[in-house]
Amino acid sequence: MTSNHSSHESIKPVIIVHGGAWSIPDSLKLRHLNGVTKAVKAGYQILVEHGSALDAVERAVVCMEEDPIFDAGVGSFLNEEGYVELDALIMDGNTLNAGAIGAVSNCRNPIILARMLLEEDNSPIMLVGQGADKFAEKMKINTDPKDLIIPREQKRWEKGNKGEDIFSPNTSGTVGAVALDEKGHLASATSTGGSPYKMVGRLGDSPIIGSGGYASEVAAVSSTGHGESFMKLNAAKLATDLIEQGYPPQDAAKAVIEKISDINGYGGIITVDRLGRIGYFFSTTRMAYAYISKEGKLVSGIDM
Ligand code: ASP
């Protein structure tokens, strides 16, 4: 056994996921808790089998994209013209490589597409709209856009189209995951359908490096909430910088969400650092989260 290997053995993997920050009603509480718990377990399984943080966060996010309770993948909000435009970002803290997909309308798992972009040689970091749709076709993971629409969202869209209120309470369901693997590498993944009845072409913070997510050698972050506010503050990079400056991940999460509140935004954030310390904070009534700590303890919750 090399000395390198034995030093890796002392690092215990950690993962934390979120399923969107909003006023989740009691009637939906259990489904959210089940969704994040299933996702965190799937990601952790990869980590305990010596897999990478990058694979773990992708797997966890795929799990939540496949669960229609969340606003990601199947079950996402529809835009003003009645189809989905999905955003996703995945980032490897070890290399700073990233893949970002914006406003893709023909892909069930935009986080897989983002990962494919990250892995492509000499490719751009971000593809949006038609270009993202074409990339999904090229990678043979495209689907009929109609297959991404579920009756709940069709009804919401119809209400919105009649001018009825679909915005209160604020609703969300963006998903995200951050992890530390046993090599000490960090990664972040975020995926969303954005906001309900959004303008065609509206990009939120989720696919923007430094806003919806970020990962460095020191920390990994994923955010959810009012995207325009998170973009103004580069919220995920801000949290990473605070951790690099010595803030514990929990304090960094809180400080960033307080700054989001200062500019009248709202939302939540999850963080992990290279020591395996995690943090989460949200200013909304609720945010479903689940984590598995260094000690292997699974914790899930929905209230702050
Ligand atoms: N941040 C997402 C966006 O603005 C939505 C959310 O997380 O609620 O697209």
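Our subject is the structure that appears above.
For clarity, every value in this text was computed on a predicted model and none was experimentally measured.

> Where do I start with the overall build of the chain in this structure?
A tally of regular secondary structure across the chain gives 9 helices and 12 strands. Compactness check: the chain gives a C-alpha radius of gyration of 18 Å against a globular reference of 19 Å for 304 residues, within 12% of the reference. Dimensions of the chain along its principal axes, counting C-alpha atoms only, are 65 × 40 × 35 Å. A total of 304 residues make up the chain; the buried ones form 56% of that total. Considering only intrachain contacts with a sequence separation of at least 6, the fraction spanning at least 24 residues in the chain is 68%. Side chains of the chain give 29 positive and 38 negative charges; the mean places of these two sets differ by 4 Å.

> Sorry, what's going on with the sheet that holds strand E2 (residues 86-92) here?
Strand-to-strand pairing in sheets goes through backbone hydrogen bonds, with the strands running parallel or antiparallel. Within the open sheet, the 8 strands sit side by side as E4-E3-E2-E6-E5-E1-E11-E12. Their pairing is mixed. What marks the edges here is a single partner per strand, and that holds for strand E4 (126-128) and strand E12 (298-301). Each adjacent strand pair in this sheet contributes to an overall mean axis angle of 5°, direction not counted. Pairing of strand E3 (residues 98-104) with E4, which is carried by 3 bridges, proceeds in the parallel orientation. In the strand pairing of E4, Ala-100 is matched with Met-126.

> Any chance you could explain the side chain of Ser-229 here in plain terms?
One can find Ser-229 in helix H7 (residues 227-233). One polar contact links Ser-229 to His-226, side chain to side chain, over a distance of 2.6 Å. Non-local contacts of Ser-229, meaning those with residues more than four positions away in its chain, are made with Ile-260, Ile-263 and Gly-265.

> In this structure, what is going on with the packing of aromatic side chains? I would like to understand it.
Aromatic ring pairs are defined here through the distance separating the ring centres and the angle between the ring planes. Per the counting criterion, the structure on display carries 3 aromatic pairs. Ring geometry for Tyr-280 versus Tyr-289: centroids 4.0 Å apart, planes at 25°, classification stacked. For Tyr-280, a relative accessible area of 15% corresponds to the buried category. Centre to centre, the rings of Tyr-280 and Tyr-291 are 6.4 Å apart; their planes meet at 35°, and the pair counts as tilted. Placement of Tyr-280 in strand E10 (residues 278-282) and of Tyr-291 in strand E11 (residues 286-292) is noted, with a sequence separation of 11 residues between them. Tyr-291 matches Tyr-280 in its accessibility class, with the two residues each being buried. Counting every residue linked through ring pairs, the aromatic cluster contains Tyr-280, Tyr-289 and Tyr-291.

> Could you clarify how one ought to interpret the site of the ligand in this entry?
Near the ligand, the surroundings consist of Ser-172, Thr-174, Gly-194, Arg-202, Gly-204, Asp-205, Ser-206, Thr-224, Gly-225 and Gly-227. Thr-174 is positioned such that a nitrogen or oxygen atom in its side chain is 2.6 Å from an oxygen atom of the ligand. Gly-227 places a main-chain nitrogen or oxygen 3.2 Å from an oxygen atom of the ligand. In the complex, 95% of the free accessible area of the ligand, which totals 270 Å², lies under the protein chains. Here the shell around the ligand is built from residues that sort into no nonpolar, 8 polar and 2 charged.

Calculation notes
- Residues numbered from 1 in each chain as written.
- Predicted model: local features only at pLDDT ≥ 70, side-chain atom pairs only at ≥ 80, totals over all residues.
- Heavy atoms only, no water.
- Helix = DSSP H or I, 4+ residues; strand = E, 2+ residues; numbered from the N terminus.
- Rg over C-alpha atoms; globule rule 2.2 N^0.38 Å.
- Buried < 20%, exposed > 50% of the residue type's maximum accessible area, 1.4 Å probe, protein only.
- Contact = heavy atoms within 4.5 Å.
- Lys, Arg positive; Asp, Glu negative; His and termini not counted.
- Charge placed at Lys NZ, Arg CZ, Asp CG, Glu CD.
- Pairing = 2+ DSSP bridges.
- Axes fitted to C-alpha atoms, helices over the stretch in contact; angles between N-to-C directions.
- Polar contact = N/O pair within 3.5 Å; in protein donor to acceptor, adjacent residues only side chain to side chain.
- Phe/Tyr/Trp six-rings, centres within 6.5 Å; stacked < 30°, edge-to-face > 60°.
- Near = heavy atom within 4 Å.
- Areas by Shrake-Rupley, 256 points an atom, 1.4 Å probe, with all protein chains shown as cover.
- Nonpolar A, V, L, I, M, F, W, Y, C, P; charged D, E, K, R; others polar.

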